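Coordinate analysis (summary)
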Amino acid sequence: MMDSLILRTATRLLLSLMLLFSFFILLRGHNEPGGGFIGGLIAASAFALHSIAYGPAALRQVLGFDPKTIVGGGMLCAIAAGLWSAFPGDAFLTGQWLHWGEGDAAFHVGTPLLFDIGVFLVVIGAVLTIVLSLEEEDV
Amino acid sequence: MLSAILGIFAWALVAPIVAGRSPKLGGWILAIVPAALTVWFAGFLPEIAAGGVVREVVPWIPGLDVNLSFYLDGLSLTFALMVCGIGTLIVIYCGGYLHGDPMLPRFFLYILAFMASMLGVVLADNVISLIVFWELTSVTSFLLIGYLHDSPKSRRSALQALLVTSLGGLVMMAGLILLGIVGGSFELSELAGQSDLLREHPFYLAILILILVGTFTKSAQFPFHFWLPNAMDAPTPVSAYLHSATMVKAGVYLMARLSPTLGGTEVWIYTLVGFGAFTSLLGAILAVRQTDLKRVLAYTTITALGQLTMLIGIGSVYAVETFAVYLLAHACYKGALFMGVGAIDHETGTREVGQLGGLLRLMPVTAAAVGLAAMSNAGLPPFLGFLGKEFMYSSTVGMAGSGMAGEGMPVLGWIATLAMLVSNALMLVTAGLVFVKPFLGPKVETPKHAHEAPVSLWLGPVVLSVTGLALGVFYGVLERLFVVPVAASLAGEAVEVHIYLWGGFTTPLGLSVVTVALGVALYVGWPRVKAVLDRIARALRYDSDSGWDRILKGLVSVAWWQTRVIQSGYLRHYVMFTIVFTTVAIGATMVIHRAFTMPYVSVLEAPYTAWVLALTVIAATSAAVVAKSRLVAILSLGVVGVVIALIFLLYGAPDVAITQFMVETLVVIIVALVLARLPRLTAFHRPNRRSAVRDAVISIAFGAVVTAVMLSVIDLPIPLDLSEYFATRSYTEGFGRNVVNVILVDFRAVDTLGEILVVAAAGLGAFALLKARPRRGPPETPLPETERTGGRQ
């Protein structure tokens with residue numbers, strides 16, 4: 001934890017901006033550079049910054065979940081996205097899609113998004129598990 | 001057939017509940033399913049006897065030719081009937097024998113799971129599913145043999161059986177896969193049609209040796225025979241089942257199954273007849289030295305397995321006929337004898353020959369059953385065992401003749417005959433030890449006051465010994481239902497066989513008379529015979545079991561030694577070993593295969609951006625090498641990372657570049673957290689000329705190898721069709737314009753799933769290292785010593 005007023009004030013703003021950006025990256029990943037992995041890394045950096053500014057205990061409060069639970073939730077999302085395809089009888093992880101609109105205005109949403117969210121969560125959870133373990137270790 | 005196997009597995013899961021709810025009738029209730037299956041399989045007898053076969057295929061991993069396919073012919077039906085039929089009796093017997101044992105519910109789970117695995121082995125047609133079931137029998141028998149897990153001796157025996165049989169199984173797996181590749185099919189029934197191709201293939205010998213190692217370990221052939229008597233530490237019902245119908249017969253079964261595919265060559269005949277004859281003789285000699293009834297029976301099992309192996313090896317009409325008869329004979333009498341001995345043990349409290357006698361009047365039913373079984377074991381007419389022995393002599397003597405495979409080898413034939421004569425005579429001695437000593441003769445005071453065993457304990461022996469007698473008397477039924485179909489399976493074609501009790505004054509009959517005379521003589525002089533054998537054993541001082549101990553001890557010390565060397569506890573050593581190994585492995589491969597190629601590279605044509613980036617990397621790396629503080633070193637490496645990200649960006653991989661940037665950022669955060677907790681660099685870093693030179697050499701070699709690999713890789717033409725495939729399909733099929741992401745989450749999502757699993761494991765691993773380690777002092781868990789064993793001979 002760094003006792004710096006500037007860092008703390010900046011972090012308050014940066015955390016929400018970076019998280020927003022990470023969601024943006026996550027969601028646009030299917031069409032533009034980005035995706036769950038990068039989004040997850042950005043979000044993890046944001047949380048790590050928070051933990052440097054305010055300390056690990058504060059981060060735990062912000063997260064609301066233990067990072068290991070986030071890892072588990074992410075794995076669950078990814079596997080659920082894979083098992084979803086069992087309903088129509090396709091192979092594991094075959095994408096299932098819903099479509100709206102035509103041509104350029106078309107909007108598609110499908111299980112790969114759920115899978116990407118899983119990746120996103122696993123990355124956040126794993127990085128924060130490491131960061132928090134290191135920070136909370138008594139010297 | 002799949003449903004039969006899965007049914008028993010399911011039943012095994014239910015078993016603990018049933019046995020827990022009704023401790024008294026548990027065995028009887030649980031026997032229902034095996035009994036029903038016995039009846040179900042028996043229903044196939046007419047069809048199979050008429051020459052039919054039943055095949056059932058359930059695709060499992062069709063892309064790899066792995067199917068859950070099952071094949072029912074004479075051989076597998078006979079085995080299935082033994083597994084289920086004797087299994088039924090054993091389950092009932094367990095309920096009585098282990099009555100009141102708190103672990104009985106778990107025991108039923110084990111034994112039923114074992115039964116299902118064994119059924120899988122004998123029915124499987126697909127090589128891969130056969131291996132799966134085969135290893136399952138090893139694992140479940142490990143649980144059964146180690147049932148009394150409080151006793152170190154039990155645990156050792158279980159481990160020994162597991163290691164020997166499952167290592168053999170692994171060797172066999174290599175052989176079977178090779179067999180499948182050479183034969184062009186993974187179905188055993190189809191491979192049988194490829195026998196000519198297989199026998200002339202250059203891999204034939206390799207296939208044969210690999211498979212035989214597996215079958216020999218399972219069926220306790222010399223030199224792997226030592227685990228079987230030790231497996232006697234299991235409760236008696238387990239021994240009875242493993243020895244009469246299952247586990248140890250799996251190896252014999254597979255050899256028989258493969259005899260039309262691989263058999264009939266000279267190496268097959270010499271190996272099987274040689275090892276089989278020697279094993280049977282060894283087993284018989286070791287058996288008469290024992291005084292513990294269970295051990296006597298254990299060694300005679302080795303004898304029987306040797307004789308069966310020998311018969312498969314000979315492969316003549318007589319031999320395959322004998323195999324069928326003897327297989328059933330042995331299953332019946334061995335099952336009955338084991339259960340009988342268990343009953344004796346249960347009622348008197350001892351299994352020592354010397355402490356038993358005159359039980360006939362106290363335990364008349366058990367005595368009758370054991371008596372009948374012992375007479376079959378001794379090979380007396382009109383029992384099944386007599387038929388087995390008669391035909392065995394016919395086939396060994398017949399080797400002097402000519403005709404089918406295995407004939408026209410008179411020398412081997414006479415050696416085999418002699419071995420069989422002696423081992424059969426010794427079998428007669430052991431039959432006497434098991435029946436005459438405990439039941440006849442003078443009454444001896446036993447530790448417990450003996451009285452007749454309950455129904456559950458004598459039902460099995462009675463049924464099996466009566467079956468042994470009935471099949472011997474009504475040999476027409478035996479011939480039609482079992483011998484003809486089994487012989488056909490072994491010969492790979494329909495064969496004409498004829499069973500008879502009285503064939504006139506023939507050589508085999510003469511040999512039988514000699515056997516009985518010799519056996520009786522040896523029995524009368526048993527104490528003296530045993531003394532002589534003991535003296536010989538002491539003089540030889542050879543014992544496979546202690547050899548096993550030595551091998552295991554050697555293995556452990558090698559493991560210790562290499563652990564000490566490689567796992568020094570210093571991270572820098574681990575990194576060093578990893579890098580050295582990678583360098584040597586890749587470098588040596590490149591040199592051996594002359595894989596290095598030099599692409600056309602012109603540094604002068606490179607754009608100035610490339611120059612700038614390259615020089616920055618060199619400068620940053622040099623700074624890292626000479627850095628005096630960790631922070632400087634880490635920051636310099638960070639520069640390298642950022643430059644690499646720039647390279648990605650420059651050459652059109654923005655996704656990878658962003659990832660690289662983010663990873664660099666996080667590395668800085670994590671390293672900053674670590675740095676605060678590390679001792680100062682100078683405390684460890686004493687610049688030592690020797691280690692500096694060593695590290696420089698390793699680094700330069702590693703860098704050179706990586707560069708060589710890179711150059712060779714870019715010299716290869718890039719397969720453009722793959723990127724084109726993804727580029728054209730990513731929007732039409734994955735509905736995304738970012739090809740990289742579509743590949744990650746759609747086309748190759750399974751890879752990504754694996755990767756996030758690694759990420760998750762890394763996170764949890766770091767957590768375990770940092771948080772879950774012991775707080776104070778060095779770890780004090782003692783390293784496992786190999787278990788010392790007592791009480792072996």
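The structure we're discussing is the one just above.
Thresholds applied
Residues numbered from 1 in each chain as written. Chains lettered and ligands numbered in written order. Predicted model: local features only at pLDDT ≥ 70, side-chain atom pairs only at ≥ 80, totals over all residues. Heavy atoms only, no water. Helix = DSSP H or I, 4+ residues; strand = E, 2+ residues; numbered from the N terminus. Buried < 20%, exposed > 50% of the residue type's maximum accessible area, 1.4 Å probe, protein only. Contact = heavy atoms within 4.5 Å. Areas by Shrake-Rupley, 256 points an atom, 1.4 Å probe, with all protein chains shown as cover. Lys, Arg positive; Asp, Glu negative; His and termini not counted. Charge placed at Lys NZ, Arg CZ, Asp CG, Glu CD. Buried area = accessible area lost by both parts, 1.4 Å probe. Salt bridge = Lys/Arg side-chain N within 4 Å of Asp/Glu carboxyl O. Polar contact = N/O pair within 3.5 Å; in protein donor to acceptor, adjacent residues only side chain to side chain. Core = buried A, V, L, I, M, F, W, Y, C linked by side-chain atoms within 4.5 Å. Patch = residues over 30% accessible without salt bridge, like charges linked within 9 Å, V, L, I, M, F, W, Y side chains within 5 Å. 1 Å grid on protein atoms, 1.4 Å probe; cavity = no way out; pocket = protein on both sides within 12 Å on 5 of 7 lines; lining within 4 Å. Points joined across faces, edges and corners; volume = space filled by probe spheres on them. Nonpolar A, V, L, I, M, F, W, Y, C, P; charged D, E, K, R; others polar. Expected span 1.5 Å × (residues − 1). Arc of directions from axis to C-beta. Phe/Tyr/Trp six-rings, centres within 6.5 Å; stacked < 30°, edge-to-face > 60°. Lys NZ or Arg CZ within 6 Å of the ring centre and 35° of its normal. Disulfide = S-S within 2.5 Å. Pairing = 2+ DSSP bridges. Axes fitted to C-alpha atoms, helices over the stretch in contact; angles between N-to-C directions. Parallel < 35°, antiparallel > 145°, perpendicular 65-115°, else oblique.

Here we look at the overall build of chain B
A count of helices and strands for chain B gives 34 helices and two strands. A principal-axis box enclosing the C-alpha atoms of chain B has dimensions of 105 × 60 × 55 Å. Relative to its full complement of 793 residues, chain B shows a buried share of 49%. Counting contacts in chain B only where the partners sit at least 6 residues apart, residues at least 24 apart contribute 78% of the total. Only carbon and sulfur atoms are counted for the fraction: they give 70% of the accessible area of chain B, which is about 36,200 Å². When the 49 positive and 44 negative side-chain charges of chain B are each reduced to one mean point, those points stand 16 Å apart.

Here's the deal with the interface of chain A and chain B
Listed as interface residues are 45 residues of chain A and, on the opposing side, 40 residues of chain B. Contact between chain A and chain B buries roughly 3,900 Å² in total, counting both sides, with carbon and sulfur atoms accounting for 74%. Our count for the contact surface shared by chain A and chain B stands at zero salt bridges. On inspection of chain A and its partner chain B, the count reaches 10 residue pairs in polar contact (both at pLDDT 80 or more). Listing elements by their share of the side of chain A that touches chain B, those giving two or more residues are α2 (36-54), α4 (67-84), β1 (97-100) and α5 (111-136) of chain A. Here the side of chain A that touches chain B takes 15 residues from α5 of chain A, the largest share from any one element.

Re the nonpolar core
Counting residues in each nonpolar core, the largest one holds 195 residues, and the members touching the most others are F41, L112, L119, L123, W227 and F323 of chain B. In terms of residue count, the dominant contributor to this core is helix α17 (residues 317-348) of chain B (18 residues). In this view, F323 of chain B contacts L75, V252, A256, L308, L311, I312, V486 and L490 of chain B; residues no more than four positions away in its chain are not counted. Formed by 30 residues, the second largest nonpolar core is a distinct cluster that contains V119 and V123 of chain A together with L673 and V745 of chain B.

Digging into a nonpolar patch on the surface
All names here are of chain B. Together, V558, W561, V565, I566, L571, Y574, V575 and F577 give the surface a local cluster of nonpolar side chains, amounting to about 740 Å² of exposed area. Counting residues per element, the ones that place at least two in the nonpolar patch are α25 (544-566) and α26 (571-592). Among the structural elements, Y574 can be located in helix α26.

So, the environment of F107 of chain B
Residue and element names in this part refer to chain B. The residue F107 is located in helix α6 (residues 104-123) in this model. Spatially, the C-alpha atom of F107 lies 43 Å from that of F203, the residues being 96 residues apart in sequence. Apart from residues no more than four positions distant in its own chain, F107 is found in contact with C94, L98, L144, Y147, P235 and V238.

With respect to the layout of surface pockets
Residue and element names in this part refer to chain B. Each pocket or cavity is described by its volume, and for the second largest pocket that value is around 970 Å³. Lining the second largest pocket are 21 residues, with A614, I647, M710, L711 and I714 sitting closest to its centre. Breaking the lining of the second largest pocket down by element, the ones donating at least two residues are α27 (608-626), α28 (630-650) and α31 (689-715). Per-element tally for the lining of the second largest pocket: the top contributor is α27, with eight residues. Partitioning the lining of the second largest pocket into residue classes produces 18 nonpolar, three polar and no charged.

With respect to α4 of chain A
Its 18 residues give α4 of chain A an end-to-end C-alpha distance of 25 Å, which sits within 8% of 26 Å, the value for a rise of 1.5 Å per residue. By the burial criterion, the buried members of α4 of chain A are P67, I70, V71, G74, M75, C77, A78, A81 and G82 of chain A. Relative to the axis of α4 of chain A, the buried residues are bounded by an arc of 155 degrees and lie together on one face. Where the residues of α4 of chain A are buried, they touch α3 (56-63) and α5 of chain A together with α34 (749-771) of chain B.

Here we look at the packing of aromatic side chains
Residue and element names in this part refer to chain B. Tallying each qualifying case throughout the model produces 21 aromatic pairs over all chains. Arranged with centres 4.8 Å apart and planes meeting at 70 degrees, the rings of F222 and F278 form a pair that is edge-to-face. One end of the pair, F222, is in the loop between α11 (204-218) and α12 (227-230); the other, F278, is in helix α15 (residues 266-289), with 56 residues separating them in the sequence. When its relative accessible area of 23% is taken as the criterion, F222 is described as partly exposed. Among the aromatic residues, ring-to-ring pairing joins W40, F41 and F44 into one connected group. One Lys or Arg, R572, reaches over the ring of Y570 and ends 4.8 Å from the middle of that ring.

Structural notes on the state of the cysteines
All names here are of chain B. Within this structure, the stated rule accounts for zero disulfides over all chains. A disulfide-free cysteine, C84 has its sulfur positioned 15 Å from the sulfur of C332, the nearest such atom. Of all cysteine sulfurs in the structure, the one in C84 sits closest to C94, which takes part in no disulfide; the separation is 15 Å.

Here we look at the pattern of salt bridges
Scanning the entire structure with this criterion turns up 16 salt bridges over all chains. A salt bridge links R55 of chain B to D125 of chain B, with the nearest nitrogen and oxygen atoms 2.8 Å apart. Here R55 of chain B is found in strand β1 (residues 54-61), whereas its partner D125 of chain B is found in the loop between α6 and α7 (127-145), with 70 residues between them in sequence. The buried category is assigned to D125 of chain B, whose relative accessible area is 1%. A salt bridge links R351 of chain B to D345 of chain B; the nearest nitrogen and oxygen atoms lie 3.3 Å apart. Taking the relative accessible area as the measure of exposure, R351 of chain B reaches 22% and is therefore partly exposed. Residues joined by salt bridges that share partners form a network here, namely R60, D66, K68 and E136 of chain A.

What about the pairing of β1 of chain A?
Residue and element names in this part refer to chain A. One ladder, built from four bridges, connects β1 with strand β2 (residues 107-110); its direction is antiparallel. Across the sheet, residue W97 finds its bridge partner in β2, namely G110. Hairpin connection of β1 to β2: six residues between the antiparallel strands, including G101 at a positive phi of 75 degrees.

Remarks on the packing of helix α14 (residues 247-262) of chain B against helix α16 (residues 293-314) of chain B
When two helices pack together, their arrangement is captured by the angle between the axes and the distance separating the axes. Residue and element names in this part refer to chain B. Between α14 and α16, the least distance of the axes is 10 Å, while the angle of their chain directions is 5 degrees. If you check the angle between α14 and α16, you find them roughly parallel. Residue-level contacts link V248, K249, V252, M255, A256 and S259 of α14 to T301, L305, L308, T309 and I312 of α16.

Here we look at the environment of S394 of chain B
All names here are of chain B. Along the polypeptide, S394 turns up in helix α19 (residues 384-398). Using a relative accessible area of 10% as the deciding quantity, one classes S394 as buried. Taking the C-alpha atoms as reference, S394 lies 38 Å from L163; in sequence the two are 231 residues apart. Sequence-distant contacts of S394, defined by excluding residues within four places in its chain, comprise Y318 and P508.

Details of α14 of chain B
All names here are of chain B. Over its 16 residues, α14 runs 22 Å from end to end, which matches the ideal 22 Å to within 8%, given 1.5 Å per residue. The element α14 is extensively covered by neighbouring structure, given that 16 of its 16 residues are classed as buried. Immediately beyond the C-terminal end of α14, within one or two residues, lies G264, with a positive phi of roughly 85 degrees.

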